[in-house]
Amino acid sequence: MRREVYDADQKITFPLQRPSLSVFNSTSGNGSLQGKAVKKFPTCIIFGVSKCGTKAVIEYLKLHPHVVAPRSEINFFNNETLQFQHGLEWYIEQMPPSLEHQITVEKSPDYFQNHQCADLIRAASPATKLILLLREPIERLVSEYMQLSEKRPGLPEFDKWVIGQDTGDIDQRVPSVMVSAYSEHVSYWLSVFPRPQIHIIESQSLRDYPLQEMRKVESFLNLQPFFQPDDFYYNSTRGFYCMRMRFTGKTKCLGKSKGREHITVSQSTMEKLKMFYQPYNNKLKQILTLDFPWL
Ligand SMILES: Nc1ncnc2c1ncn2[C@@H]1O[C@H](COP(=O)(O)OS(=O)(=O)O)[C@@H](OP(=O)(O)O)[C@H]1O
């Protein structure tokens with residue numbers, strides 16, 4: 001059975017029943033892991049926000065033996081070409097096979113500002129759980145700027161990038177500026193998904209207290225309690241918590257593209273940015289009834 005999830009002009013259909021592709025028998029020596037492994041639609045999608053620690057959450061989650069996740073972002077629901085040419089079966093094909101007791105988690109943080117992703121995910125799988133990370137908006141913006149300036153050497157200096165030369169105000173035409181206007185996007189996602197279906201993590205708290213935050217994630221996903229203090233250790237060279245694999249003792253930190261040094265924003269631009277984000281932050285606090293240090 002199939003149903004339309006786009007409007008009639010777009011003619012995209014998503015199967016109501018999720019197909020189980022690439023069925024095979026697990027050859028794992030661990031008795032409890034034997035059985036059929038199949039590729040499944042994610043139980044949980046980390047849908048944003050970019051530069052807020054999404055990679056850390058998915059890598060931490062992958063320590064849990066009951067979690068599988070693809071190696072990289074799939075960016076399916078924000079890519080019409082993939083949807084039209086390949087369809088939902090292709091999306092599921094990108095997932096690693098999972099055993100019956102395992103869940104699949106995907107992270108594509110650019111879904112957040114692409115509101116149609118909310119409708120598409122809901123149409124494809126209304127019960128899929130969602131995780132959202134939120135970072136102080138100016139810090140997030142600077143983090144994205146650092147990434148962009150590495151990829152695009154001709155990018156203007158930060159001040160010129162965020163301030164419209166014609167107006168002298170924060171330039172709302174810069175997409176990255178508007179990504180940090182969280183309330184605009186959160187209100188849309190909350191019009192599509194009930195609040196209890198979205199777990200929110202404050203980025204600084206994840207950086208400082210990974211164990212505490214990952215235990216909350218574990219509970220949100222109804223996973224068996226697994227995370228222990230030894231799974232995380234502070235790496236003073238990197239300035240972040242890294243991971244210790246429980247069964248091999250090997251350690252793993254995130255790559256060098258995480259934790260880039262940030263530029264110092266001039267005081268006048270900082271003031272403009274603070275004024276600009278204040279109303280969005282106030283609205284966010286109201287919508288979520290949450291209190292972060294920067295709200
Ligand atoms: N454990 C650990 N290790 C490394 N980095 C960590 C960690 N926890 C959180 N962070 C913060 O994650 C920021 C990058 O966020 P994302 O992974 O969401 O970026 S991306 O959108 O996937 O590019 C990255 O931002 P920048 O410091 O600005 O690079 C980090 O601050």
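Residues numbered from 1 in each chain as written. Predicted model: local features only at pLDDT ≥ 70, side-chain atom pairs only at ≥ 80, totals over all residues. Heavy atoms only, no water.

### Brief notes about the side chain of Arg-140
Here comes step 1: Structurally, the position occupied by Arg-140 is in helix α5 (residues 137–151).
Here comes step 2: In this structure the side chain of Arg-140 is engaged in a polar contact, spanning 2.9 Å, whose partner is the backbone oxygen of Ser-176.
Here comes step 3: Engagement of the side chain of Arg-140 in a polar contact is seen with the side chain of Ser-180, the distance being 2.8 Å.
Here comes step 4: In this view, Arg-140 contacts Val-49, Ser-50, Lys-51, Cys-52, Arg-135, Ser-176, Val-179, Ser-180 and Tyr-182; residues no more than four positions away in its chain are not counted. (Helix = DSSP H or I, 4+ residues; strand = E, 2+ residues; numbered from the N terminus. Polar contact = N/O pair within 3.5 Å; in protein donor to acceptor, adjacent residues only side chain to side chain. Contact = heavy atoms within 4.5 Å.)

### Some details on the packing of aromatic side chains
Here comes step 1: Applying the stated criterion across every chain yields a total of 22 aromatic pairs.
Here comes step 2: Here Tyr-60 and Phe-232 contribute two aromatic rings whose centre-to-centre distance is 4.9 Å and whose plane-to-plane angle is 80 degrees, an arrangement assigned as edge-to-face. Highlighted residues: Tyr-60 in helix α1 (residues 54–61) and Phe-232 in strand β10 (residues 232–235), separated in sequence by 172 residues.
Here comes step 3: Residue class for Tyr-60 comes out buried when judged on its relative accessible area of 5%.
Here comes step 4: Among the aromatic side chains, those forming a connected cluster through ring pairs are Phe-47, Phe-112, Tyr-182, Trp-189, Phe-193, Phe-292 and Trp-294.
Here comes step 5: One cation-aromatic arrangement involves Arg-122 over Phe-193; the distance from NZ or CZ to the ring centre is 5.9 Å.
Here comes step 6: Over the ring of Phe-226 we find Arg-246; its NZ or CZ atom is 3.8 Å from the centre of that ring. (Phe/Tyr/Trp six-rings, centres within 6.5 Å; stacked < 30°, edge-to-face > 60°. Buried < 20%, exposed > 50% of the residue type's maximum accessible area, 1.4 Å probe, protein only. Lys NZ or Arg CZ within 6 Å of the ring centre and 35° of its normal.)

### Describing the pattern of salt bridges
Here comes step 1: Counted under the stated rule, the structure contains 13 salt bridges.
Here comes step 2: The partner of Glu-144 in a salt bridge is Arg-140, and the shortest N-O contact between them spans 2.6 Å. Here Arg-140 and Glu-144 lie together in helix α5, a separation of four residues that amounts to about one turn.
Here comes step 3: Given a relative accessible area of 13%, Glu-144 falls into the buried group.
Here comes step 4: The class of Arg-140 is buried, set by a relative accessible area of 0%.
Here comes step 5: Where Arg-260 meets Glu-150, a salt bridge forms, and the shortest distance between an N and an O atom there is 2.8 Å. Of this pair, Arg-260 sits in the loop between β12 (251–252) and α11 (267–288) while Glu-150 is found in helix α5, placing the two residues 110 residues apart along the sequence.
Here comes step 6: Classification of Arg-260 as buried rests on a relative accessible area of 18%.
Here comes step 7: Under the relative-accessibility criterion, Glu-150 is labelled exposed at 56%. (Salt bridge = Lys/Arg side-chain N within 4 Å of Asp/Glu carboxyl O.)

### Section: the state of the cysteines
Here comes step 1: The tally for this structure, following the rule as stated, stands at one disulfide.
Here comes step 2: With a sulfur-sulfur separation of 2.1 Å, Cys-242 is cross-linked through a disulfide to Cys-253. Looking down the S-S bond of the Cys-242 and Cys-253 bridge, the torsion is 105 degrees, so its handedness is right-handed. Of this pair, Cys-242 sits in strand β11 (residues 240–244) while Cys-253 sits in the loop between β12 and α11, placing them eleven residues apart in sequence. (Disulfide = S-S within 2.5 Å.)

### Re the site of the ligand
Here comes step 1: Near the ligand lie 22 residues; those nearest to it are Thr-54, Lys-107, Ser-143, Gly-259 and His-262.
Here comes step 2: Between Arg-260 and the ligand, the recorded distance is 3.3 Å, taken from a backbone N or O atom to an oxygen atom.
Here comes step 3: Considering the ligand on its own, with 650 Å² of exposed area, one finds that the protein chains cover 94% of that surface.
Here comes step 4: Elements represented by at least two residues in the shell around the ligand include exactly α1, α5 and β11.
Here comes step 5: The element contributing the most residues to the shell around the ligand is α1, with four residues. (Near = heavy atom within 4 Å. Areas by Shrake-Rupley, 256 points an atom, 1.4 Å probe, with all protein chains shown as cover.)

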